[in-house]
Amino acid sequence: MQYGYFDDKNQEYVITRPDTPVSWSNYLGSLEYGGIITNNAGGYSFVKSGADGRILRFRFNSIPQDQPGRYIYLRDQENGDFWSASWQPVGKDLEKYSSVCRHGTAYTIITSNYDQIETETLFYIPLDKKCEVWALKVKNNDSKPRKLSVFNYIELSNENNETQDLVNLQYTLFITRTYFKDNFLLQTINENRGGDKAYRYAGLAGAKVTGYDGSREKFIGSYHTYANPIAVEEGNCGNSFNYTGNSCGALQTDVELAPGETKELCFIIGYGDEEIAREVLREYEKPGTVQKEFEQLKQLWHGRLAKFKVNTPDPNFNRMVNTWNAYQCFMTFSWSRAASLIYCGLRNGLGFRDTIQDIQGIMHLDPVSAKERLVYMLSGQVSNGGGMPLVRFDHQPGKAARPKPEEYRCDDALWLFQTVPQYLKESGEWEFLDEVVPYADQDQGTVYDHLKRALKFSLERLGKHGMVYGLEADWNDCIRLEEEGESVFASLQLYLALSVFIDLAQRKGNNEDVQWAVGHRSQLDENLQKHAWEGDRFVRAFAGDGYVVGSKENDEANLWLNPQCYAVISGAARDEQGKVAMDKVYEELNTEHGIVLMNPAFKKRGLPIFRMVLFLPGVKENAGIFSQPQGWAVLAETILGRGDRAYEYYNNCNPARMNEHAEIRETEPYVHCQFTEGKESPFLGRAHVHWLTGTASTVQVSAVEGILGVKPDYEGLRIDPCIPSAWKEFTMEREFRGKWLKIRVDNSKGIQKGVVKIILNGEEIEGNFMPMAKMKEQNEITVMMG
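Residues numbered from 1 in each chain as written. Predicted model: local features only at pLDDT ≥ 70, side-chain atom pairs only at ≥ 80, totals over all residues. Heavy atoms only, no water.

Caption draft 1: How the structure looks around the overall build of the protein. Counting secondary structure elements, the protein contains 19 helices and 42 strands. Whereas a compact globule of 786 residues would reach a radius of gyration of roughly 28 Å, the protein reaches 28 Å, a difference of no more than 12%. In terms of overall dimensions, the protein has a C-alpha envelope of 80 × 60 × 50 Å along the principal axes. Going through the 786 residues of the protein one by one, you find that 62% of them count as buried. Summarising the internal contacts of the protein: among those between residues at least 6 apart in sequence, 66% fall at separations of at least 24. Surface exposure of the protein reaches about 28,300 Å², of which carbon and sulfur atoms provide 47%. Each charge class in the protein was averaged separately, 87 positive and 107 negative side chains, and the resulting centres sit 1 Å apart. (Helix = DSSP H or I, 4+ residues; strand = E, 2+ residues; numbered from the N terminus. Rg over C-alpha atoms; globule rule 2.2 N^0.38 Å. Buried < 20%, exposed > 50% of the residue type's maximum accessible area, 1.4 Å probe, protein only. Contact = heavy atoms within 4.5 Å. Areas by Shrake-Rupley, 256 points an atom, 1.4 Å probe, with all protein chains shown as cover. Lys, Arg positive; Asp, Glu negative; His and termini not counted. Charge placed at Lys NZ, Arg CZ, Asp CG, Glu CD.)

Caption draft 2: Seen up close, the packing of helix 16 (residues 628–639) against helix 19 (residues 695–707). Their axes nearest at 7 Å, the elements helix 16 and helix 19 cross at an angle of 15 degrees. Compared by their axis directions, helix 16 and helix 19 come out roughly parallel. For the pair helix 16 and helix 19, the sense of crossing is left-handed. For the pair formed by helix 16 and helix 19, the contact residues are Q628, G631, W632, V634, L635 and T638 on the first element and T695, T698, V699, S702, G706 and I707 on the second. By residue class, the composition of the contact of helix 16 with helix 19 is five nonpolar, seven polar and no charged. (Axes fitted to C-alpha atoms, helices over the stretch in contact; angles between N-to-C directions. Parallel < 35°, antiparallel > 145°, perpendicular 65-115°, else oblique. Left-handed = near helix turned anticlockwise from the far one by under 90°. Nonpolar A, V, L, I, M, F, W, Y, C, P; charged D, E, K, R; others polar.)

Caption draft 3: Region of the structure containing the pairing of strand 5 (residues 43–47). Counting buried positions over the five residues of strand 5 gives five, a clear majority of the element. With burial as the criterion, each face of strand 5 is covered, one bearing G43, S45 and V47 and the other bearing Y44 and F46. As paired strands, strand 4 (residues 33–38) and strand 5 are joined by five bridges and run antiparallel to one another. The residue bridging I36 from the neighbouring strand is Y44, located in strand 5. (Pairing = 2+ DSSP bridges.)

Caption draft 4: Inspection of the sheet that holds strand 41 (residues 769–771) at higher detail. Across the sheet, which stays open at both edges, the three strands sit in the order 35-36-41 with antiparallel pairing between neighbours. Here the strands that pair on one side only, and so sit at the sheet edges, are strand 35 (710–713) and strand 41. Here the average twist between neighbouring strands, direction ignored, is 20 degrees.

Caption draft 5: Region of the structure containing the side chain of D441. Note that D441 resides in the loop between strand 22 (436–438) and strand 23 (444–446). A polar side-chain atom of D441 sits 2.9 Å from a polar atom in the side chain of S383. There is a polar contact of 3.1 Å between the side chain of D441 and the side chain of R402. Apart from residues no more than four positions distant in its own chain, D441 is found in contact with V382, S383, G398, K399, A400 and R402. (Polar contact = N/O pair within 3.5 Å; in protein donor to acceptor, adjacent residues only side chain to side chain.)

Caption draft 6: Structural detail: the nonpolar core. Ranked by internal contacts, the top residues of the largest apolar core, which has 228 residues, are F219 and M732. Considering every element that reaches this core, the biggest residue donor is helix 12 (residues 488–508), with 14 residues. In contact with F219, other than residues within four places in its own chain, are Y73, F151, Y153, D213, P229, I230, A231, V232, C237, C248 and A250. If you look at the next biggest cluster of nonpolar residues, it comprises 16 residues, including A543, A601, F610 and M612. (Core = buried A, V, L, I, M, F, W, Y, C linked by side-chain atoms within 4.5 Å.)

Caption draft 7: Spotlight on the packing of aromatic side chains. Applying the stated criterion to the full structure yields 52 aromatic pairs. Their ring planes at 35 degrees and their centres at 5.0 Å tell us that Y13 and Y670 sit as a pair that is tilted. Pair noted here: Y13 is in strand 2 (residues 12–15) and Y670 is in the loop between helix 18 (662–665) and strand 33 (673–676), with a separation of 657 residues, a long-range link. Note on Y670: relative accessible area 0%, which makes it buried. Relative to F626, the ring of W475 lies with its centre 5.4 Å away and its plane at 85 degrees, an arrangement referred to as edge-to-face. Of the two residues, W475 sits in the loop between strand 24 (469–471) and strand 25 (482–487) while F626 sits in strand 32 (residues 625–626), which places them 151 residues apart along the sequence. (Phe/Tyr/Trp six-rings, centres within 6.5 Å; stacked < 30°, edge-to-face > 60°.)

Next comes the structure, spelled out in structure tokens:
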């Protein structure tokens, strides 16, 4: 079943049926003022933090879903009929009411048609402002004049802190009040508190306010709902204020429309006091303000995404790499796991390992922002080399309390060894290694020093098999090995980290560090081969009681995806081990919707080590199709040169492929989710936990660097595609260190991997590497596979 389509030209997803299986959402704004909006105008907004900066209230996991939100009601003054400019919350009969939602890059447009009245509402957050705009157009398609009342409605939180607002009612119900000021409502919180008080406002530009309500209870009415507010039902707001209770921002304006006439008005919601509100509203009284800001917003986002474009024979691959996967990478980069329709804002900061990985997804599009965030996250590294589990939005380097020993995860700082060299290669800024960055708790050091301390943190915490202690968790939060068990997966990461460090130390001429790292890598290699390889697989971990996690001898969870992938990615797999292990993955873990994380699910063995037993079989970490490692499987197969299989894996987890089967996947067909239910679930293929997931960056990197083979290096750019043999040709455009590259890949021989030569501006170069010295400002490139 299909609910919408991709508009590739405008880089929008168009929802033509509003009754989607679950809410299909989009993000608005920036790190200063952000928001989430669904196809039925549900959602919320916040300043800087979804946890401590909440402005619009939202009820998670509720029925009806995604309420409240950004609502506009229309009422016919003559017959009393009313509806909403989005299908919900009124929910008119879809035989008589139509709605189209266009989710774009940081904006959403919802149109409706009902009883000869057409509306179009553009929702966006202007660049560098702490407010949001609802630009409404109302058109009369009737043959007679129409008299309408238009109402907006927002439910304001009573406290910046989301949890306090919803839970601590004996306090938060008694600290806010509202005032009406000409053309806007003003809410104050703790207004007698001096500098700590907060202000929010809801205003109207382009029309006269004829009524208002600052009290939710007065606007909605006792025993009414968002579907039938009493003020809308009766046709008049009550001009109420909130003084103890729940604040809202409801404004009414009355309009008369001649046949064919359109009127435009703007509702503005923002964070600021009376003076700021008046200044902002004056801006939107000026003609052209909305169109100017909207064009600026589109130019910014389309410009960002235009820095890498691909045109392959697969339109679903193209639209994900060019627009939706790239855009999702920016959202995870911005909000980590802090604000979605699933994450309610309890995580008031950036997860260390999450964000280090998220940076990778935008590196090829915005290396400047990537570096800024990377430095910020390096300042969240503890002076002993470990990582802070959470780097708060208000983080102050050098002043953080060091985590307790039991709070460290063994993989946190090891992710730096993929992200730091990725930045060095993308930017060519070798001197970045010598930049001094403070540690979270005390002291400071160069980026190079940060990397060396990260290695020492792991090397000082090795178990009896000579592998990394699992500590609080490795990548898998459901495995708690602590200081007795050892993680093979983290040990493979350590192997990769040592290899990266050896390369960097050699380039810096630090021979002592080279010898130190080579010695540790050799010992680790010996331990991996001796203890972790079982002939057709790498085991997952060693529990403190001697249980071998992921052994073929087990009746539960005897094959795991992550170590097979990372044995290849890290280079630790010898000879044919990589192919043998990945073949086992294909035989036992692969499904039409992706690869399960492990198999079979835990049902008997569980706590305290294997917390995934709490999940149902086939769900999340308990043999679900966890989405992030799908990208690692794609990347591993491209390293092995198996383009057909890499593409199969990519295609299986590509949400766009499921656009015509939304009744199976249910979540948005334009973004990756955290996991999909696996083969032990009765709902194989149903996806969950949208938008904010490490899947975005992992899959994007696997597509760009793995399948398309565009890999920056220290001295230039390598192009080494690993593609399905059916792709005979494709093209790419890319910005690289200020130069523009137009690339055509010729695969007329139908192979999966292998570049014979590159023709750069008419000059033939043997192999797959182009030195920077040979590139011009504009470059025409042909890559000959064979």
